[in-house]
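# What the coordinates show
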Amino acid sequence: MAMPAAEHDETWLKEALQQAVMLELATLPPYLCGLWSIQEADRGPGVFEALHAIVFDEMSHMGLACNMLTTIGGMPRIADADLVPTYPGPLPGGVQPGLSVSLTGLSKQALDMYSRIERPDDPVVEDLDAHTSIGAFYTAILEAFRSRPELIKGTRQLERNMSSHGEGNDIVALTSLGDVETALKVIKEQGEGTAASPDNPFPGDTGEPAHFYAFREMFHGRRLIRVSDDPPRFDFQGEEIPMPRTFPMATVPAGGWAEGGVPVSDDVREQLGAFNRRYSSLLRFLERAWRTEQPSTAAQMLNGAIGQMFQLEEPARALMETPLPGGSGETYGPEFRFVGDEP
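Anyway, here's the lowdown on the structure attached to this text. All of these numbers come straight from a predicted model, not from anything done at the bench.

### Some words on the side chain of Ser115
Among the secondary structure elements, Ser115 is positioned in helix 3 (residues 108-118). On the basis of relative accessibility, which here comes to 1%, the residue Ser115 falls in the buried class. Not counting chain neighbours up to four residues away, the residues in contact with Ser115 comprise Phe212, Phe215 and Arg216.

### Here we look at the pattern of salt bridges
Evaluation of the coordinates by the stated rule reveals 13 salt bridges. Residue Arg77 is joined to Glu15 by a salt bridge in which the shortest nitrogen-to-oxygen separation is 3.5 Å. With Arg77 in the loop between helix 2 (47-71) and helix 3 and Glu15 in helix 1 (residues 10-36), this residue pair connects regions lying 62 residues apart in the sequence. Given the relative accessible area of 31%, Arg77 is considered partly exposed. Under the relative-accessibility criterion, Glu15 is labelled partly exposed at 32%. It is possible to trace a salt-bridge network through shared partners that takes in Glu40, Arg43, Glu313 and Arg317.

### Observations regarding the pairing of strand 2 (residues 232-235)
Bridging between strand 1 (residues 225-229) and strand 2 involves 4 bridges; their strand directions are antiparallel. Directly across from Arg226, in strand 2, lies its bridge partner Phe234. Once strand 1 ends, the chain turns through 2 residues before running back antiparallel as strand 2.

Conventions used here
Think of each chain on its own: its residues are numbered from 1, step by step along the sequence as written. The predicted origin of the model limits local features to residues at a pLDDT of at least 70 and limits the giving and counting of side-chain atom pairs to 80 or more, whereas totals for whole chains, interfaces and linings rest on all residues. Heavy atoms from the whole structure form the basis of all side-chain values; hydrogens and water molecules are not counted. Under the scheme used here, helices are H or I runs from DSSP no shorter than 4 residues and strands are E runs no shorter than 2 residues, and both carry numbers assigned from the N terminus. Here the term buried applies to any residue with accessible area under 20% of the maximum for its type, exposed to any over 50%, and partly exposed to those in between, with areas from a 1.4 Å probe on protein chains only. Whether two residues are in contact is decided by their heavy atoms, any of which lying within 4.5 Å being enough. The salt bridge definition used is simple: a Lys or Arg side-chain nitrogen within 4 Å of an Asp or Glu carboxyl oxygen. For two strands to count as paired, DSSP must find a minimum of two bridges between them.

Written out as structure tokens, the structure is:
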């Protein structure tokens, strides 16, 4: 998306928003692998609930990105083998260049990767050299909208009440520049917080940190607290956050387990195929939802996608409970590969 701001015309904005849709989609498989790898006994307050909330935030962000694209007359491409993110691989949109995102179970290493996905350009803690952040990417999109507000037409806008998952999480119609500005504010600040605070301004629970800081809390095993008012300073010196017990899902190799040279039994192959077909079906439902002109059909397609989403965890967990050959102690996990043919 490297192009001078003056050249951010309608064509640029449509392509940037297509990349935004793929960017939000790209965060879901790694986060879901971490979430699903947590064992049942440890699925409660702490890491599980925080990661669960982040997953639903990202789903809402993807819906808002789709509405931004359709409101200017664009057509989201979601079920497209050339665009669906693959793992390991880079983030779409040129975000965090050099970062390779992979699918693996929850661990300190995985939490560090999640943090790098969400890292702001100027965090209030652990201020390291940053590249192009998600926030900077969306700031460029916001500037393009502000320079061409007449592009906003309000076409094919889907709505979904998701307030039970947090303030600001509803997928809402974007029919004005003000609507777009609010949506972009939610996406940026839920992920990165603000320049003055690590808190999520649109939380599910009071005091919930933005995604980057939530992941750093999990990584350090301590809550982030303010340790000084003048100057303002934060550090990981708060309440302990224990790591949950997890299934030791190994990192999925490029192209999937079999393509990566890992022996795959007939049973595992069937489980992998079933998961990939359901995931692909989910993406097709989403694409159809934002492409149809009929609101009733769009609602049906969105419901279909949600139905497929809830059917993904069971085969994923079955894979995570299946040991890899060779006695490493690690297990398989879902590949999130797009299957081109209809299931």
